[in-house]
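# Per-entry structural report
Below, each chain spelled out in residue letters.
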Amino acid sequence: MTPAALQVAIRDLVGTVAADRGVDAALSEAEIVLERPRSREHGDWASTVAMRAAKRIGMAPRDLAAQLATGLQRLPGVAAVDVAGPGFINITLEAAAAGELARRIVTEGEAYGRGEALTGVRMNLEFVSANPTGPVHLGGTRWAAVGDSLARILAAQGADVAREYYFNDHGAQIDRFSASLLAAHLGEPTPEDGYGGAYIGEIAARVAAAHPEVDDLPREEAREVFRREGVDLMFGDIRSSLHDFGVDFDVYFHENSLYESGAVEHAVARLRELGHIYEADGATWLRTTEFGDDRDRVVLKSNGEAAYIAGDIAYYLNKRERGFDRCLIMLGADHHGYIGRLMAVAAAFGDTPYVNLEVLIGQMVNLVKDGVPMRMSKRAGTVITMEDLVDAVGVDAARYTLVRSSVDTALDVDLDLVAKHTNDNPVYYVQYAHARTRSVARNADAAGVTRHDGGEDAFDPALLTHPTESELLGTLEQFPRTVERAAELREPHRIARYLEQLAGNYHRWYDSCRIIPPAGEELGPVHRTRRVVNEAVGQVLRNGLGLLGVGAPDRM
RNA sequence: GCGCCCGUAGCUCAGCGGAAGAGCGGCGGCCUUCUAAGCCGUUGGUCGGGGGUUCGAAUCCCUCCGGGCGCACCA
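Residues numbered from 1 in each chain as written. Chains lettered and ligands numbered in written order. Predicted model: local features only at pLDDT ≥ 70, side-chain atom pairs only at ≥ 80, totals over all residues. Heavy atoms only, no water.

Take the overall build of chain A next. The helix and strand inventory of chain A stands at 19 helices and 17 strands. Dimensions of chain A along its principal axes, counting C-alpha atoms only, are 90 × 65 × 45 Å. When the accessible surface of chain A is split by element, carbon and sulfur atoms take 49% of a total near 24,900 Å². If the 58 positive side-chain charges of chain A are averaged to one point and the 81 negative ones to another, these points end up 5 Å apart. (Helix = DSSP H or I, 4+ residues; strand = E, 2+ residues; numbered from the N terminus. Areas by Shrake-Rupley, 256 points an atom, 1.4 Å probe, with all protein chains shown as cover. Lys, Arg positive; Asp, Glu negative; His and termini not counted. Charge placed at Lys NZ, Arg CZ, Asp CG, Glu CD.)

Next up on the list: the domain arrangement of chain A. Along its sequence, chain A is carved into domain 1 (3-93), domain 2 (127-256 + 363-416) and domain 3 (422-547). Taken residue by residue, the interface counts six residues in domain 1 and seven residues in domain 3. A buried area of about 490 Å², summed over both sides, lies between domain 1 and domain 3, and 45% of it is on carbon and sulfur atoms. Linking domain 1 with domain 3 are zero salt bridges. (Domains from an automatic or database assignment. Contact = heavy atoms within 4.5 Å. Buried area = accessible area lost by both parts, 1.4 Å probe. Salt bridge = Lys/Arg side-chain N within 4 Å of Asp/Glu carboxyl O.)

Phi at S129 takes a positive value of approximately 50°, unusual for a residue other than glycine. Positive phi, close to 70°, is recorded for Y354, a residue that is not glycine.

Our focus in this paragraph is the pairing of strand 9 (residues 283-286). Judged by which residues are buried, strand 9 turns out to be covered on both faces: A283 and W285 on one side and T284 and L286 on the other are all buried. As paired elements, strand 8 (residues 277-280) and strand 9 share four bridges and run antiparallel to each other. Bridge pairing in strand 9 places A280 opposite A283. Here strand 8 folds back onto strand 9, and the loop between the two strands holds two residues, one of which, D281, carries a positive phi near 55°. The sheet contact formed by strand 9 and strand 10 (residues 297-300) spans three bridges and is antiparallel. Opposite W285, over in strand 10, you have V298 as the bridge partner. (Buried < 20%, exposed > 50% of the residue type's maximum accessible area, 1.4 Å probe, protein only. Pairing = 2+ DSSP bridges.)

Spatially, three strands are ordered 8-9-10 in an open sheet, and the strand pairing comes out antiparallel. The sheet terminates laterally at strand 8 and strand 10, the two strands that pair on one side only. Taking the axes of each pair of neighbouring strands and ignoring which way they run, one obtains an average angle of 45° across the sheet. Its contacts with the sheet place helix 10 (residues 263-273) against strand 8, strand 9 and strand 10, and it is angled at close to 95° to strand 8. (Axes fitted to C-alpha atoms, helices over the stretch in contact; angles between N-to-C directions.)

Quick look at the packing of helix 5 (residues 138-156) against helix 17 (residues 467-489) now. Helix 17 packs onto helix 5 with a crossing angle of 120° between their chain directions and a minimal axis gap of 9 Å. You can see that helix 5 and helix 17 cross each other, and the crossing is left-handed. Of the residues in helix 17, those in contact with L150, I153, L154 and A156 of helix 5 are V483, A486 and A487. Classifying every residue of the contact of helix 5 with helix 17 by side-chain character gives seven nonpolar, no polar and no charged. (Left-handed = near helix turned anticlockwise from the far one by under 90°. Nonpolar A, V, L, I, M, F, W, Y, C, P; charged D, E, K, R; others polar.)

Neighbouring RNA strand B are 60 residues, the closest being K55, H336, Y338, Y432 and R436. Between RNA strand B and D334, the relevant distance is 3.3 Å, taken from a sugar or linking oxygen to a main-chain nitrogen or oxygen of the residue. Side-chain polar atom of Y429 to a phosphate oxygen of RNA strand B: 2.6 Å apart, as the coordinates give it. Put simply, the parts of the chain that give the surface near RNA strand B at least two residues each are helix 2 (49-57), strand 4 (88-93), strand 9, strand 15 (411-414), helix 16 (426-447) and helix 18 (493-512). Counting residues per element, the surface near RNA strand B draws most heavily on helix 16, at eight residues. (Near = heavy atom within 4 Å. Polar contact = N/O pair within 3.5 Å; in protein donor to acceptor, adjacent residues only side chain to side chain.)

Counting 99 residues, the largest nonpolar core has L154, L242 and L476 as its most contacted members. Counting only domains with at least three residues in this core, you end up with domain 2 (127-256 + 363-416) and domain 3 (422-547). Here L476 is in contact with L101, I105, Y112, Y498, L502, A536, V537 and V540, once residues within four sequence places are set aside. One finds A267, L271, I313 and F324 within the second-largest nonpolar core, a separate group that totals 33 residues. (Core = buried A, V, L, I, M, F, W, Y, C linked by side-chain atoms within 4.5 Å.)

Negative charge collects at one region of the surface, where D244, E387, D388 and D391 lie side by side. If one sorts the elements of the negative patch by residue count, helix 13 (residues 386-393) sits on top with three residues. Relative to the helices and strands, D391 is located in helix 13. (Patch = residues over 30% accessible without salt bridge, like charges linked within 9 Å, V, L, I, M, F, W, Y side chains within 5 Å.)

With that out of the way, let us pick up the sheet that holds strand 6 (residues 160-167). The strand order across the open sheet formed by five strands is 7-6-5-11-12, and the pairing between neighbours is parallel. Looking along the sheet, the strands with just one partner apiece sit at the ends: strand 7 (251-254) and strand 12 (357-362). Averaged over all neighbouring strand pairs, the angle between strand axes comes to 25°, with direction disregarded. Relative to strand 7, strand 6 runs parallel, the two being bridged by four bridges. By the bridge assignment for strand 7, E164 is matched with V251. Against the sheet, helix 11 (residues 308-321) touches strand 5 (122-126), strand 6, strand 7, strand 11 (326-332) and strand 12, its axis set at about 155° to strand 6.

Attention shifts here to the pattern of salt bridges. Following the criterion strictly, the structure yields 32 salt bridges and no others. Its salt-bridge partner being D293, residue R297 comes within 2.8 Å of it at the nearest N-O pair. What makes R297 buried here is its relative accessible area of 13%. Overall, the relative accessible area of 7% leaves D293 in the buried class. Residues participating in the shared-partner salt-bridge network are E100, R103, R451 and D457.

Have a look at this one:
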């Protein structure tokens, strides 16, 4: 008896009751809510359908629930049905019906948890996108962890996902970067509005070592060398940190290519064709107010230069022309003001905002020391980088910490605390559960506790009768819909929270149910069956950690 | 002034229409048997305040308070 079958049965029963009373009470699937009750006392599944449908049918909720319960009781695989409170229907399944899942998970393996919700959809996921003026800081590290995990989750739902990094190595920021490098090389103080931090000195030294001629060049030319070579080195460092963090992009998109290829002119011409461009005050404007923005935006400044948004316009059109159905952009909270104009741009091209284009805003990461927030400043060089974090806690703990909270929540990271109490990080709780499943498997093999007994499949789900077993099986059953929900809501943290629950269920099961019989107890079908459950849990933990880009160790 | 996010246990945070949660911390237990990075018990909450919608609100709507981040012909 699967939840889907239960749902169908409930719909039919409601139809029968309604027909008896001469009422047409056709229920949509969404109305037949079947959920895992929070408390074990409420059975394996609970339905609120009686409370929803009571008014339409003209019965008291509890009476309707009682009638439905009688019908449900007769279904095969249903052990007990109770009516509680205002009309909850609590359903308990027979162990055999619930336990069948373990066999299915082992058969499906890595495929368990995948879905088809996004099959055939081409998605472009843009994240991090930091300009090469310094190492990736904590905020960028959060997007790296969340973005990469989201890409994995979307792919698990069948989407064709491209990870994309958009960057600019020209303009005022880069000018300040190269001026800072030159100053560091010459032993001068960091220029006003320049970048501080130890990495500036290191990059400057590497450039000078590779190009000793800078000392003989005029200042302007030397600065040009520092600009060109420094950007290359910096960007190389960024890519390498990201790679070490387990994040590799499919496309590194250079903003300047939009200008060099004529993509900006192409996009502006297209918008002009569509009638959304006008001239005023010597500048060229896009009428974004027509599409919900709070003011029109300058596309080409009165001095003839392209405004920043011109790049965004061209970039969006470029993505669409490369065949992406859905363009997702992850931005920090300090960019939330862009959403309106970006959506207006999409609409101006005739696209559907929030469908063809999605902007995911993530809140800031704050560095905390001894409970006091520390201001991070690139200029002052008091920045915690991706590498700092990884050095302190390792890739797995770093990624897990950053991905287990909703991006809607500003995150406080206390480096001392994280470094000191590394074992407190829930990632170890989950990883330990996985290592335990592997350890049990090794020992079980050695003890002959295998699924097959003399060629016969000894798996018998009716033997999984312990309360911790129905709890564990119920959680295992939730994995596919958890992944689907995480993909739909773009919320990877749901996977992490799910894994913590599963790990807890497993640890408690392990504590009360032996897989390998202790001395004096005979090896029987129950042990062989539990062995399959153990494998199923390991598989799901592995699949889930994989979606987070976190390792699933065999030993700890 | 306008806009976005947040306000749930001492701390960090899940839950976002259906029967208040986890981790950490505190206190007390459990290793001669499959990993004690574990388990069990206990402590701890007017879900920021007030209205409204609903059979039912931490969850949706309005409003107020508090905190964070933004509102350029900068990039």
